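Letter by letter, the chains look like this.
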Amino acid sequence: MSTISDETGDLEQRALGKRLREIREYLGLSQQYVTATTGIARTAISEIERGNRKVDSLELRRFARAYQTSVGRLLGEVEESETAFAALERALVDLSPTDQNEVLKFAEFLSHRKTTDLGSAR
């Protein structure tokens, strides 16, 4: 006999697996690469992504490190817009100072363009 709690747990497990797969695919990572970086067997990753296997807290932290995101995002507890800034910050760290300056100039351009667009819409 299944309980409501069991059904909710199954839904959450499948949702987590789906998020893990979507993030991995978005980043262009293979399951084999994730295996190499997390130490989690490829067959286990496949089962997790299909929602057929639970993820323990240590594995969740390994996924978060491999995907350079937070455990909260993996669990669906963090809004996407909050993680966009974190992702941008992580990406900027690897850029040269010259490239970082170019990104800053582009952000200022977009900000100025938005202000200009708002002014012409009035």
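Summarised in this report is the structure supplied together with it.

Definitions and limits used
Think of each chain on its own: its residues are numbered from 1, step by step along the sequence as written. Selection of residues for local features in this predicted model requires a pLDDT of at least 70, selection of side-chain atom pairs for listing and counting requires 80 or more, and totals for whole chains, interfaces and linings are taken over all residues. With hydrogens and water excluded, all non-hydrogen atoms of the structure serve as input to the side-chain values. Every helix listed is a DSSP run of H or I at least four residues long, and every strand listed is a run of E at least two residues long, numbered separately from the N terminus. Only protein chains enter the accessibility calculation, which uses a 1.4 Å probe; a residue whose area is less than 20% of its type maximum is buried, one above 50% is exposed, and one in between is partly exposed. Residue contacts are defined here by distance: any two heavy atoms, one from each residue, within 4.5 Å place the two residues in contact. The Shrake-Rupley method, run with a 1.4 Å probe, gives the accessible areas here. Residue values count only the displayed protein chains as cover. Lines fitted to C-alpha atoms define the axes, with helix axes restricted to the stretch in contact, and inter-axis angles between N-to-C directions lie between 0 and 180 degrees. Any angle that falls under 35 degrees is termed roughly parallel, while one over 145 is termed roughly antiparallel, one within 65 to 115 roughly perpendicular, and all others oblique. Handedness of a crossing follows from how the near helix is turned relative to the far one, being left-handed for an anticlockwise turn of less than a right angle and right-handed for a clockwise one. Polar here means any residue outside two lists: the nonpolar Ala, Val, Leu, Ile, Met, Phe, Trp, Tyr, Cys and Pro, and the charged Asp, Glu, Lys and Arg; Gly therefore counts as polar. For Phe, Tyr and Trp, rings pair up if their centres lie within 6.5 Å, where Trp contributes its six-membered ring, and each pair is then called stacked (planes under 30 degrees apart), edge-to-face (over 60) or tilted (otherwise). The term salt bridge refers to a side-chain nitrogen of Lys or Arg lying within 4 Å of a carboxyl oxygen of Asp or Glu. The term nonpolar core refers to a set of buried residues drawn from Ala, Val, Leu, Ile, Met, Phe, Trp, Tyr and Cys, joined through side-chain atoms within 4.5 Å.

1. Examining the overall build of the protein
- In terms of helices and strands, the protein carries seven helices and zero strands.
- For the protein, the α and β elements follow one another from N to C terminus as α-α-α-α-α-α-α.
- Buried positions account for 24% of the 122 residues belonging to the protein.
- In the protein, 46% of the contacts between residues at least 6 apart in sequence involve partners at least 24 apart.
- Total accessible area on the protein stands at roughly 8,900 Å², and carbon and sulfur atoms take up 54% of it.

2. What about the packing of helix α2 (residues 31-38) against helix α3 (residues 42-49)?
- Axis separation between α2 and α3 bottoms out at 9 Å; the angle between their running directions is 115°. If you check the angle between α2 and α3, you find them roughly perpendicular. α3 is crossed by α2, and the crossing has right-handed handedness. Mapping the contact onto sequence places Q31, Q32, V34, T35 and T38 in α2 and R42, I45, S46 and E49 in α3.
- When the residues that make up the contact of α2 with α3 are grouped by side-chain class, the tally is two nonpolar, five polar and two charged.

3. Overview of the packing of aromatic side chains
- Here the structure, examined in full by the defined rule, presents two aromatic pairs.
- Here F63 and Y67 contribute two aromatic rings whose centre-to-centre distance is 5.8 Å and whose plane-to-plane angle is 45°, an arrangement assigned as tilted.
- Overall, F63 belongs to the buried group, its relative accessible area being 1%.
- Relative accessible area serves as the criterion here: at 3%, Y67 is assigned to the buried category.

4. Thoughts on α3
- If you check which residues of α3 are buried, you get A44, I45, S46, I48 and E49.
- Of the residues flanking the end of α3, it is G51, one or two places downstream, whose phi is positive at about 80°.

5. Things to note about the pattern of salt bridges
- Inspection of the entire model under this criterion finds seven salt bridges.
- Across the salt bridge formed by K18 and E22, the nearest N and O atoms sit 3.8 Å from each other. Of this pair, K18 and E22 both sit in helix α1 (residues 4-26), separated by four residues, roughly a single helical turn.
- By relative accessible area, which is 38% here, E22 ends up partly exposed.
- Across the pair R24 and E25 runs a salt bridge, and its minimum N-O distance is 4.0 Å.
- By relative accessible area, which is 9% here, R24 ends up buried.

6. Section: the nonpolar core
- Counting residues in hydrophobic clusters, the biggest one holds 15 residues, and the most contacted among them are L20, V34, F63, Y67 and L74.
- If you list the elements that add at least two residues to this core, you get α1, α3 and α4 (57-66).
- With four residues, α4 is the single largest residue contributor to this core.
- The residues contacting L74, other than those within four sequence positions of it, are L16, R19, L20, I23, L60, F63, A64, Y67 and T69.

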